[in-house]
Amino acid sequence: MSRVAVGEANVAYEVQGEGDPVLLLHGSTGSRRHWMFTAPAMSVRNRLVLVEYGGGGETTDLGKPLVLDDLVDQVLGVADAESLDRFHVAGWSLGGVIAAATALRAPERVRSAALICSWATSDPFLLFEGDLWQRLLAEDPVLFQRYVFQVGFTPEWFAATGDAVGALVEWSASELSSGAARHAELWTRIDLSDKLDAIKAPVLVIGAWRDQIVPFAHSKVLAESIKGAELIALDCGHFVPIERADALAAALSDFFMRH
């Protein structure tokens, strides 16, 4: 685990593999472990830099409300610490929002960007969801995690996982980041709708047909709003990096190899 000071944050990150650099940005409430099933296959071809942005993983800060621009600063600060002049960036869920904002901020540095189960603007559904997540996290983290599993995974995943689901819920609840509620609060302030057409880097949008957390319609909007963006739809729920790790790793590796 490495660290770099960026503003008021001490940003944690991990490096795996060799090759063209890819910055990986985890989703809300979590850490670099969101990539634990996807990273091994990708690290064969790429130097992966798993960034834990503010509120996530082992990164520490002053606990203030999160600001998207500050999180982009942290991503670029990690790139600077690793001497990466040019890099690919991929983000899942909230990480996809940060990846898009990074491509907007540093067009001369971002070779390409992948936005996975992400969105441009928090509509009434996502606003309600962000508020609900904050309430559940405050009430009972295990209950929050049980809810997220139920809406985040497909019935097929539950059938394949069987009795292990209970233990996975408990483990996942113990792994929730200290800034989980701040991530959910940031959901309620996301709006990149009038900026997406300024993204210059090649973009891959990956959505999930059965996503009940960030519905697939948001991926369609991203792909339609970013000039030249590619769109891939996977048959699964929101937890693509877990439920469809092999397909995700293959799609990302292919896209980055082409750019």
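Now for a quick tour of the structure. (Residues numbered from 1 in each chain as written. Predicted model: local features only at pLDDT ≥ 70, side-chain atom pairs only at ≥ 80, totals over all residues. Heavy atoms only, no water.)

## Some remarks on the overall build of the protein
The criterion, for reference: Put simply, DSSP H or I for four residues or longer makes a helix, DSSP E for two residues or longer makes a strand, and each gets a number counted from the N terminus. The globule rule used here is 2.2 Å times the number of residues to the 0.38 power, and the radius of gyration it is set against is calculated over C-alpha atoms. By definition in these notes, contact holds between two residues if any of their heavy atoms fall within 4.5 Å. Positive residues here are Lys and Arg, negative ones are Asp and Glu, while His and the chain termini are left out of the count. Charged groups are reduced to one reference atom each: NZ for lysine, CZ for arginine, CG for aspartic acid, CD for glutamic acid.
The secondary structure content of the protein amounts to eleven helices and eight strands. On C-alpha atoms alone, the protein measures out to a radius of gyration of 17 Å, which is about the 18 Å that the 2.2 N^0.38 rule sets for 259 residues. Of the contacts made within the protein by residues no fewer than 6 positions apart, 78% connect residues no fewer than 24 positions apart. For the protein, the distance from the average site of its 21 positive side-chain charges to the average site of its 34 negative ones is 4 Å.

## Things to note about the pairing of strand β1 (residues 2-6)
Along a regular strand, successive side chains alternate from one face of the sheet to the other. Worth spelling out the cut-off: Two strands pair under a simple rule: DSSP has to find at least two bridges between them.
Relative to strand β2 (residues 9-16), β1 runs antiparallel, the two sharing five bridges. Following the sheet pairing, Val6 is matched in β2 by Ala9. Between the antiparallel neighbours β1 and β2 lie two residues, among them Gly7 with a positive phi of about 60 degrees.

## Considering the side chain of Glu243
Defined as follows: The definition of a polar contact used here is a pair of N or O atoms within 3.5 Å, where within protein one atom must be able to donate a hydrogen and the other to accept one, and adjacent residues in sequence count solely through side-chain atom pairs.
Here Glu243 is to be found in helix α10 (residues 240-243). Within the structure, Glu243 has its side chain in polar contact with the side chain of Thr154 (distance 2.3 Å). Non-local contacts of Glu243, meaning those with residues more than four positions away in its chain, are made with Gly152, Phe153, Thr154, Trp157, Cys236 and Gly237.

## A short note on unusual backbone geometry
Peptide bonds are trans in most cases, and residues, glycine excluded, mostly fall at negative phi. What counts here: Each residue gets one of three labels from its accessible area relative to the maximum for its type: buried under 20%, exposed over 50%, partly exposed in between, using a 1.4 Å probe on protein chains only.
You will see that Thr29, though not glycine, has its phi angle at about 70 degrees, which is positive. Among the secondary structure elements, Thr29 is positioned in the loop between β3 (20-25) and α1 (39-42). You will see that Ser83, though not glycine, has its phi angle at about 55 degrees, which is positive. With respect to the helices, strands and loops of the structure, Ser83 is situated in the loop between α2 (68-81) and β5 (87-92). Taking relative accessible area as the criterion, Ser83 reaches 60% and is therefore assigned exposed.

## A few points about the packing of helix α4 (residues 124-139) against helix α5 (residues 141-152)
The test is simple: For helices, the fitted axis covers only the stretch in contact; all axes are lines through C-alpha atoms, and the angles between them, taken along N-to-C directions, range from 0 to 180 degrees. When describing relative orientation, an angle under 35 degrees is termed roughly parallel and one over 145 degrees roughly antiparallel, while 65 to 115 degrees is termed roughly perpendicular and anything else oblique. Gly counts as polar in this scheme, as do all residues outside two lists: the nonpolar Ala, Val, Leu, Ile, Met, Phe, Trp, Tyr, Cys and Pro, and the charged Asp, Glu, Lys and Arg.
The geometry of α4 relative to α5 is characterised by a closest axis approach of 6 Å and an angle of 140 degrees between their N-to-C directions. One way to sum up the angle between α4 and α5 is to call them oblique. Between α4 and α5, the contacting residues are Leu132, Trp133, Leu136, Leu137 and Glu139 on the first element and Pro141, Leu143, Phe144, Tyr147 and Val148 on the second. Here the residues of the contact of α4 with α5 are counted per class, giving nine nonpolar, no polar and one charged.

## Points about the packing of aromatic side chains
Definition in use: Pairing of aromatic side chains requires ring centres within 6.5 Å, counting the rings of Phe and Tyr and the six-membered ring of Trp. Pairs whose planes differ by under 30 degrees are stacked, by over 60 edge-to-face, and all others tilted.
Inspection of every chain in the model, using the stated rule, returns twelve aromatic pairs. Here the aromatic rings of Trp119 and Trp187 are separated by 4.7 Å at their centres, their planes lie at 50 degrees, and the arrangement is tilted. Of this pair, Trp119 sits in the loop between β6 (110-116) and α4 while Trp187 sits in helix α8 (residues 180-187); the two residues are 68 residues apart in sequence, bridging distant segments of the chain. For Trp187, a relative accessible area of 0% puts it in the buried group. An angle of 70 degrees between the planes, with centres 5.2 Å apart, marks the rings of Phe149 and Phe153 as edge-to-face. Taken individually, Phe149 and Phe153 each receive the classification buried, so the pair is uniform in this respect.

## Focus: the sheet that holds β3
Here eight strands make up an open sheet; going across it, the order is β1-β2-β4-β3-β5-β6-β7-β8 and the pairing mixed. Single-partner strands in this sheet number two, and they are β1 and β8 (230-234). Each neighbouring strand pair of the sheet contributes to a mean axis angle of 20 degrees, computed without reference to strand direction. Pairing of β3 with β5, which is carried by four bridges, proceeds in the parallel orientation. Residue pairing across strands places Leu25 opposite Gly91, the latter belonging to β5. Of the strands in this sheet, β3, β5 and β6 touch helix α3 (residues 94-105), which is tilted by about 150 degrees from β5.

## A look at α8
Where burial is concerned, most of α8 is hidden: six out of the eight residues are buried. Of the residues making up α8, those classed as buried are Ala180, Arg182, His183, Ala184, Leu186 and Trp187. On its buried face, α8 sits against α2, α3 and α4.

## Focus: a nonpolar patch on the surface
What counts, and what does not: Patches in this entry comprise residues that are over 30% relatively accessible and not in a salt bridge; like charges within 9 Å are linked, as are nonpolar side chains (Val, Leu, Ile, Met, Phe, Trp, Tyr) within 5 Å. We get accessible surface area from the Shrake-Rupley algorithm with a probe of 1.4 Å; when it comes to residues, only the shown protein chains can shield them. Criterion for a salt bridge: a side-chain nitrogen of Lys or Arg within 4 Å of a carboxyl oxygen of Asp or Glu.
On the surface, Met36, Phe37, Trp171 and Ile242 cluster together to form a nonpolar patch covering roughly 380 Å² of accessible area. Turning to its location among the elements, Trp171 is positioned in helix α7 (residues 165-174). Trp171 gets classed as partly exposed once you look at its relative accessible area, which sits at 40%.

Geometric values such as these leave the question of function open.
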